[in-house]
Amino acid sequence: MMAGEDADYIPSAALLPNDAEQVQELVRICNEYKVPIWTISTGKNLGYGSAAPGETGQVILDLHRMNRIINVDPEVCTALIEPGVTYQQLYDYIQEKGYKLWLDPPAPSAIAGPVGNTLDRGVGYTPYGEHFMFQCGMEVVLANGEMIRTGMGGIENSSSWQVFKWGYGPYIDGLFTQSNYGVVTKMGLWLMPEPPAYRPF
Ligand SMILES: Cc1cc2nc3c(=O)[nH]c(=O)nc-3n(C[C@H](O)[C@H](O)[C@H](O)COP(=O)(O)OP(=O)(O)OC[C@H]3O[C@@H](n4cnc5c(N)ncnc54)[C@H](O)[C@@H]3O)c2cc1C
């Protein structure tokens, strides 16, 4: 999937944590022994390397087992999800609950997921298509294993973590997109209220 030699993109191992605490432990160990990590969420980065690492020898941190939908709020139109959640999974959940909410998937289809696509600064095709703009609140494991929550998540028991970006402290979410400064273990996003009618053209 990369325009280059396959030999340049061979991982040395793959790690599959079940939760954020395991991510913290893995990152601490890798940091201690200076083992480079390449993080993927659903690993469907088609056309840009798929699930392969940026360089041979890196360890893949594959988060697809962390696929819990923690919350979808049909009134304020927000979701809080783990990295392994796919667009299909979130769509099915919304349909099952009967919520009048729309998702904005990218072209490679519902097998990809909102977290990986947003951290890749991906795009979709509705008014909610600029995915980073519609992201709200992250939980991130830093290189030393410490965990932070961005935005209103910095306040304990905050009820507005997924609702409002600007109320509390510096805005650092962009640091974790197209970068390797942290491992995002939860992400909030805004969902589009179902329009009364639509016409593609
Ligand atoms: C025909 C075709 C059409 C496409 N059309 C589109 C399109 O319309 N819009 C679009 O946006 N893309 C498009 N793509 C590109 C790509 O397939 C998508 O962006 C896809 O959603 C990315 O895969 P993913 O969501 O599984 O992300 P992943 O593969 O999980 O992650 C992508 C990258 O993000 C970073 N990352 C992922 N998870 C984390 C994490 N938890 N913490 C820190 N960093 C992380 C890593 O660098 C990782 O390599 C297209 C590709 C093809 C082949």
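None of these values were measured; they are calculated from a predicted model. Every chain's residues receive numbers from 1 upward, in the order its sequence appears when written. At least 70 in pLDDT is required for a residue's local features to be given in this predicted model, at least 80 for side-chain atom pairs to be given and counted, and no such filter applies to totals for whole chains, interfaces and linings, which use all residues. Side-chain metrics rest on all non-hydrogen atoms present in the structure, leaving aside hydrogens and water.

**Some words on the environment of Thr126**
Convention followed: Working definition: helices are DSSP H or I runs of at least four residues, strands are E runs of at least two. Numbering for both runs from the N terminus. Each residue gets one of three labels from its accessible area relative to the maximum for its type: buried under 20%, exposed over 50%, partly exposed in between, using a 1.4 Å probe on protein chains only. By definition in these notes, contact holds between two residues if any of their heavy atoms fall within 4.5 Å.
Locating Thr126 in the fold gives a position in the loop between helix H3 (114-119) and strand E7 (135-142). Under the relative-accessibility criterion, Thr126 is labelled partly exposed at 25%. Here the alpha-carbon distance between Thr126 and Pro106, two residues 20 residues apart in the chain, equals 9.9 Å. In contact with Thr126, not counting residues within four places along its chain, are Asp104 and Met192.

**A word on helix H2 (residues 87-97)**
We apply this condition: Here the arc refers to the directions that run from the helix axis out to each C-beta atom.
Of the positions making up H2, those classed as buried are Tyr87, Leu90 and Ile94. One side of H2 holds all its buried residues, which, seen down the axis, span an arc of 70°. Where the residues of H2 are buried, they touch strand E4 (69-73), strand E5 (78-81), strand E6 (101-102) and H3. Two residues or fewer after H2 comes Gly98, characterised by a positive phi angle close to 75°.

**As for the side chain of Gln135**
Note on placement: Gln135 falls in strand E7. The contact partners of Gln135, leaving out residues within four places of it in the chain, are Thr118, Lys165, Tyr171, Asp173, Met187, Gly188 and Leu189.

**With respect to the site of the ligand**
Note the cut-off: When we say a residue is near a molecule or strand, we mean one of its heavy atoms is within 4 Å of it. In protein, a polar contact requires one atom able to donate a hydrogen and another able to accept it; more generally it is a pair of N or O atoms within 3.5 Å, and residues adjacent in sequence count only if both atoms are side-chain atoms. When residues are grouped by polarity, Ala, Val, Leu, Ile, Met, Phe, Trp, Tyr, Cys and Pro land in nonpolar, Asp, Glu, Lys and Arg in charged, and all others, Gly among them, in polar. As used throughout, domain bounds are those supplied by an automatic or database domain assignment.
The environment of the ligand is formed by 26 residues, the closest being Ser41, Thr42, Lys44, Val123 and Tyr125. Within the contact set of the ligand, an oxygen atom lies 3.4 Å away from a backbone nitrogen or oxygen of Gly113. Partitioned by chemical class, the residues of the shell around the ligand number 14 nonpolar, ten polar and two charged. If you count residues domain by domain, the shell around the ligand takes at least three from each of domain 1 (6-62) and domain 2 (69-193).

**Brief notes about helix H1 (residues 20-32)**
Note the threshold: To estimate how far a helix should reach, multiply one less than its number of residues by 1.5 Å.
In this model, H1 (13 residues) spans 18 Å end to end at C-alpha, consistent with the 18 Å of a helix rising 1.5 Å per residue. When we look at burial in H1, the residues that qualify are Ala20, Val23, Gln24, Val27 and Cys30. Buried residues of H1 fall within an arc of 135° about the axis and therefore sit on the same side. Summarising the contacts, the buried residues of H1 are in contact with strand E1 (13-15), strand E2 (37-40), strand E3 (59-62), E7, strand E8 (147-149) and strand E9 (182-190). Looking at where H1 begins, the residue whose side-chain oxygen comes 3.2 Å from the main-chain nitrogen of Glu21 is Asp19.

**Points about the sheet that holds E7**
Our working rule: Two strands pair under a simple rule: DSSP has to find at least two bridges between them. Angles shown run from 0 to 180 degrees and are taken between the N-to-C directions of axes, each axis being a line fitted to C-alpha atoms and, for helices, limited to the stretch in contact.
One open sheet accounts for five strands, arranged E4-E5-E9-E7-E8; its pairing is antiparallel. Single-partner strands in this sheet number two, and they are E4 and E8. Strand-to-strand twist in this sheet, taken as the mean axis angle between neighbours without regard to direction, amounts to 10°. The pairing of E4 with E5 spans four bridges and is classified as antiparallel. Each bridged residue has a counterpart across the sheet, and for Ile69 the counterpart in E5 is Ile81. Strands E7, E8 and E9 of the sheet are contacted by H1, whose axis makes an angle of about 45° with E7.

**Concerning the UniProt feature "domain: FAD-binding PCMH-type" (unreviewed entry) in the chain**
Selection criterion: UniProt positions are given in the numbering used here, feature names are shortened, and annotations may be inferred rather than shown by experiment.
What UniProt calls "domain: FAD-binding PCMH-type" (unreviewed entry) maps, in this numbering, to residues 2-194. Helix makes up 16% of residues 2-194 and strand 23%, whereas the separation of the span's terminal C-alpha atoms amounts to 38 Å.

**Points about unusual backbone geometry**
Here Cys77, not a glycine, exhibits a phi torsion of approximately 65°, which is positive. You can see Cys77 is positioned in the loop between E4 and E5. Phi angles above zero are rare outside glycine, and Gln178 is one such case at about 45°.

**Digging into the domain arrangement of the chain**
Reports often express the size of an interface as the amount of accessible area lost when the parts come together. Note the cut-off: Two parts placed together each lose some accessible area; with a 1.4 Å probe, that loss summed over both constitutes the buried area. Any Lys or Arg side-chain nitrogen located within 4 Å of an Asp or Glu carboxyl oxygen qualifies as a salt bridge.
According to the domain assignment, the chain consists of domain 1 (6-62) and domain 2 (69-193). Here the C-alpha centre of domain 2 lies 21 Å away from the C-alpha centre of domain 1. The interface is formed by 14 residues belonging to domain 1 together with 22 residues belonging to domain 2. Surface buried jointly by domain 1 and domain 2 totals about 1,300 Å² across both partners, of which 60% is contributed by carbon and sulfur atoms. Summed over the three residues of domain 1 that lose the most area to domain 2, namely Gln24, Ser41 and Thr42, the buried surface amounts to 34% of that side. Summed over the shared surface of domain 1 and domain 2, the number is zero salt bridges. Viewed at the interface, domain 2 and domain 1 are joined by five residue pairs in polar contact (both at pLDDT 80 or more). For the side of domain 1 that touches domain 2, the secondary-structure elements that each account for two or more residues are H1 and E2. If one sorts the elements of the side of domain 1 that touches domain 2 by residue count, H1 sits on top with six residues. Split into classes, the residues belonging to the side of domain 1 that touches domain 2 amount to six nonpolar, six polar and two charged.

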